[in-house]
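# Fold and geometry: a report
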Amino acid sequence: MENNIKNNKVNNTTVGVEVIEVHLLFNNNYLVLNKIGEGGFGVVWKAFDLSLKNFVAIKRLNKELSHNVKFVEMFYNEAVIARSLVHDNIVRTHHFWRDDKGDYYILMDYVKGNSLDHLIKRCKEQNQKISWEQVVFVVAGVCKVLDYLHRLAKQPLTGKPYNIIFMDLTPSNIMVSFDGDVKIADFGIAKVNRNSHAIEKTAIIAGKYNYMSPEQIMGDPNIDFRTDIFSAGLILYELLSGENNETKSVSEIKDIILNTKFDFSKIEQEVPQELVEIVSRALKKNKEERYASALEMYRDLRALLVQKTTEDLKDEFAKLVSNTLVNELEKEKQSEQFVQKLEVGNLVEKNEIKKIRCYDFIPGSTTQSTAEKVISDVSSHTVSHLEPSS
């Protein structure tokens, strides 16, 4: 096959400053272009849907975890919950796959942008400060999603509320796009109402210490929605003050969250007093003194921007993201140029591209969805049936 890009190498093509690593093809349709993220839990690739001509993301559970029932349950939990959520500010999930070798994958939307964590780091490198109005826009969007998760999201089969507690709200799980969108991703440890018959979170991990609430750090069994409000408050404080706990030890972070009073003097001279009060209320150590709901916090934040429309705020934030992540935006354009010139004729026959055949994974009976059934089925690796995925 000739792809007519630079040096005509299919599996390692240089386009400008970007290297496109075409080395995987899922189901003869999803062509992996490059790796966009990797951690202890899994790896995420950017891929191109050859049929529907769109970019997607494919997340694979790390191979060493694929035979651990607890981690597989968490991965499946993430897909099950995210697949049933319909919200403009949530990254959609489309498939949960298993291949012939026992590896597990999630096919999801690709966000043309990057994580809020990445944006924060780039702003620091460029000595650029995010205005308090843009900070409020971002966190208000997060609160809007939290309200949907806490109160409005419903189990598709029963119509009962999911009552999802996210429990892992961090800048790395918040995606920001070049169009100014703010989206939440990664529902791996989300906790849901037991009465909704959805999968419960496991006790393997409990989020990232940097953004945990006091009750989450202490392992409170009666944890509720207000833990997410505290995490949102921490992100709001970090964006306004420029401070975070990433260089501190676990014991230091625990002491800050549990015992240390936050210093708001660093932001009081730069933002409206009403915003300081919002941050202070969200970060109360006693959850009874915090906002009672994410909706209440959203309304207070949005009231600070009453003079601007949502569209204007989104446009301003889009400009910030695009002007700050210039190199990242250029890479997106290069990927688009690559797939536009890609000739797919005999792509399937190319030996240098590894082909992976995946199937929609359906554990146990399709009429049962309790955690116990999923754990049992995944643990024994028995599946009622595997249907070829589109």
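Preceding block: the structure.
Residues numbered from 1 in each chain as written. Predicted model: local features only at pLDDT ≥ 70, side-chain atom pairs only at ≥ 80, totals over all residues. Heavy atoms only, no water.

## Some remarks on the nonpolar core
For clarity, the cut-off: Take the buried Ala, Val, Leu, Ile, Met, Phe, Trp, Tyr and Cys residues and link them wherever side-chain atoms come within 4.5 Å; each set so joined is a nonpolar core. Categorising residues by exposure relies on relative accessible area from a 1.4 Å probe, with only protein chains included: less than 20% of the type maximum marks a residue as buried, more than 50% marks it as exposed, and the intermediate range marks it as partly exposed. Contacts are residue-level and defined by heavy atoms, with any inter-residue pair within 4.5 Å sufficient.
In terms of nonpolar packing, the biggest core is built from 68 residues, with Leu236, Met297 and Leu301 touching the most fellow members. Setting aside residues up to four positions removed in sequence, leucine 236 forms contacts with Val135, Val139, Leu275, Ile278, Val279, Met297 and Leu301. With 33 residues, the next largest nonpolar core counts Leu33, Phe55, Ala79 and Ile353 among its residues.

## Here's the deal with the pattern of salt bridges
Selection criterion: Salt-bridge detection follows one rule: a side-chain nitrogen of Lys or Arg within 4 Å of a carboxyl oxygen of Asp or Glu. The helix count covers DSSP runs of H or I at least four residues long, the strand count covers runs of E at least two residues long, and both are numbered beginning at the N terminus.
Considering all chains together, one arrives at 20 salt bridges under this definition. With a shortest N-O distance of 2.7 Å, glutamate 38 and lysine 35 are connected by a salt bridge. We classify glutamate 38 as exposed; its relative accessible area is 57%. Across the pair lysine 287 and aspartate 220 runs a salt bridge whose closest N-O atoms are separated by 3.6 Å. With lysine 287 in the loop between α8 (273–282) and α9 (294–303) and aspartate 220 in the loop between α4 (214–217) and α5 (226–241), this residue pair connects regions lying 67 residues apart in the sequence. In this structure, a network of salt bridges that share partners links the residues Asp220, Asp224, Arg226, Lys287 and Glu288.

## Description of the packing of α8 against α9
Rule in force here: Helix axes use the C-alpha atoms of the stretch in contact, all axes being lines fitted to C-alpha atoms, and the angles between their N-to-C directions lie in the range 0 to 180 degrees. Our angle categories are set so that under 35 degrees counts as roughly parallel, over 145 as roughly antiparallel, 65 to 115 as roughly perpendicular, and the remainder as oblique. For any helix crossing, the convention is left-handed if the near helix is rotated counterclockwise from the far helix by under a right angle, and right-handed if that rotation is clockwise.
α9 packs onto α8 with a crossing angle of 165 degrees between their chain directions and a minimal axis gap of 10 Å. In terms of axis orientation, α8 runs roughly antiparallel to α9. Viewed along their axes, α8 and α9 form a crossing whose handedness is left-handed. Here Leu275, Ile278, Arg281 and Ala282 of α8 come into contact with α9, specifically with Glu296, Met297, Asp300 and Leu301.

## Some details on the pairing of strand β4 (residues 30–38)
Put simply, side chains in a regular strand alternate between the two faces of the sheet. Put simply, the test is: When DSSP finds two or more bridges between a pair of strands, those strands are recorded as paired.
As paired strands, strand β3 (residues 24–26) and β4 are joined by 3 bridges and run antiparallel to one another. The residue bridging phenylalanine 26 from the neighbouring strand is tyrosine 30, located in β4. From the end of β3 to the start of β4, which pair antiparallel, there are 3 residues, and asparagine 27 there has a positive phi angle of about 50 degrees. Counted along the chain from β4 to the antiparallel partner strand β5 (residues 42–49), the turn is 3 residues long.

## So, empty space enclosed by the protein
Note the following rule: Only protein atoms enter the calculation, which uses a 1 Å grid: trapped sets of points that fit a 1.4 Å probe without letting it out are cavities, open sets showing protein on both sides within 12 Å along at least five of seven lines are pockets, and any residue with an atom within 4 Å of a point is a lining residue. Grid points are joined across faces, edges and corners, and a volume is the space filled by probe spheres set on the points.
Tallied over the full model, the rule gives 2 cavities of 30 Å³ or more. Here the second largest cavity defines a volume of roughly 30 Å³. In terms of lining residues, the second largest cavity is bounded by 10 residues, among which Met167, Asp168, Leu169, Lys208 and Tyr211 are the most central.

## Focus on the packing of aromatic side chains
Our working definition: Centres within 6.5 Å make a pair out of two Phe, Tyr or Trp rings, where for Trp the six-membered ring is used; the pair is then stacked when the planes are under 30 degrees apart, edge-to-face when over 60, and tilted otherwise.
Under the definition given, this model contains 17 aromatic pairs. Ring centres of phenylalanine 137 and phenylalanine 317 lie 5.7 Å apart, and the angle between their planes is 55 degrees; this geometry places the pair in the tilted category. Here phenylalanine 317 lies in helix α10 (residues 310–324) and phenylalanine 137 lies in helix α3 (residues 132–152), a separation of 180 residues in the sequence. Comparing phenylalanine 137 with phenylalanine 317, the two get one shared label, buried.

## Regarding the packing of α3 against α9
The following threshold applies: Throughout, the ten residues Ala, Val, Leu, Ile, Met, Phe, Trp, Tyr, Cys and Pro are labelled nonpolar, Asp, Glu, Lys and Arg are labelled charged, and all others, Gly among them, are labelled polar.
Orientation of α3 relative to α9, taken along the N-to-C sense of each, is 155 degrees, at an axis distance of 8 Å. Judged by the angle between their axes, α3 and α9 are roughly antiparallel. In this structure, the crossing between α3 and α9 has a hand that is left-handed. Along its contact with α3, which presents Val136, Val139, Ala140, Cys143, Lys144, Leu146, Asp147, His150 and Arg151, the element α9 presents Ala294, Leu295, Met297, Tyr298 and Leu301. A breakdown of the residues in the contact of α3 with α9 according to their chemical character gives 10 nonpolar, 1 polar and 3 charged.

Treat this as a map of the structure, not an account of what it does.
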